Amino acid sequence: MEWSAEDKQYLRSKIRDVEGFKPGIVFYDITTLLKDAKAFGFLLLGLTKRYASYKLDYVVGIESRGFIFGAPLAASLGVGFVPVRKKGKLPAATLSEKYALEYGFDEVEIHRDAFADKAKARVLLVDDLIATGGTAEASLRLIEAAGAECVESCFLLNLVACAGKKRIESLAPVFSVLDI
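Predicted model, so just to flag it, every value in this text is computed and none were measured.

Undergrad: How should I be thinking about the sheet that holds strand β8 (residues 149-158) in this particular structure?
TA: Picture the strands of a sheet paired through backbone hydrogen bonds; they go either parallel or antiparallel. On the basis of which strands lie adjacent, the open sheet formed by 7 strands has the order β5-β6-β4-β3-β7-β8-β9 and mixed pairing. Of all strands in the sheet, those bounded by a partner on one side alone are β5 (94-101) and β9 (174-179). Strand-to-strand, the axes of this sheet are offset by a mean angle of 20°, without reference to chain direction. Pairing of β5 with strand β6 (residues 104-111) involves 8 bridges; the strand directions are antiparallel. Looking across to β6, one finds that T94 is bridged to H111. Packing of helix α4 (residues 65-77) onto the sheet brings it into contact with β3 (58-62), β4 (80-86), β7 (122-130) and β8, and relative to β7 it is tilted by some 145°.

Undergrad: What exactly am I supposed to notice about the packing of helix α3 (residues 37-51) against α4 here?
TA: A pair of packed helices is characterised by two quantities: the angle between their axes and the separation of those axes. Interhelical geometry of α3 versus α4 gives an angle of 55° and a closest axis separation of 10 Å. Between α3 and α4, the interaxial angle falls into the category oblique. Crossing geometry of α3 relative to α4 is assigned as right-handed. Note on element contacts: α4 touches α3 through I68, F69, P72, L73, S76 and L77, opposite F40, L43, L44, L47, T48 and Y51. Split by residue class, the contact of α3 with α4 holds 10 nonpolar, 2 polar and no charged.

Definitions and limits used
- Residues numbered from 1 in each chain as written.
- Predicted model: local features only at pLDDT ≥ 70, side-chain atom pairs only at ≥ 80, totals over all residues.
- Heavy atoms only, no water.
- Pairing = 2+ DSSP bridges.
- Helix = DSSP H or I, 4+ residues; strand = E, 2+ residues; numbered from the N terminus.
- Axes fitted to C-alpha atoms, helices over the stretch in contact; angles between N-to-C directions.
- Contact = heavy atoms within 4.5 Å.
- Parallel < 35°, antiparallel > 145°, perpendicular 65-115°, else oblique.
- Left-handed = near helix turned anticlockwise from the far one by under 90°.
- Nonpolar A, V, L, I, M, F, W, Y, C, P; charged D, E, K, R; others polar.

Below, the structure is given as structure tokens:
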């Protein structure tokens, strides 16, 4: 499904801009979209239509807001959901990937056997927002290390000025519902 300009305007109108949440940054608060059942349902229906023909095996969501979109999307598509979590949050053997932050490093993990039941599993990576792309890049590397193929990365919001989309396009195609 492709959203029309009117559809995008509708979704964008459900996201609250918060000035000063962090110094010098406009924070795009998706909780206002999530609490609106009609808007959230509209978003999930559109994503379900978009990915219905992709022959996915799993949806992978990045902690934590990627879980909010990824898990219901996986259920709607009739496929499994796999979480990418911050270091130390998964209970079984994991693969990990470090990534740079503006003030240091962080690390994400995926279960080593996340895709063990399906050779070359086809997965969709989902998160709420892509900014610099560090977490998404680390997640894509984990998906590959775990033996799966990411057929697309999907984000509700793409912060164009941060260039994260360009950073990860060499690893997987990127789709964003809204470019800001």
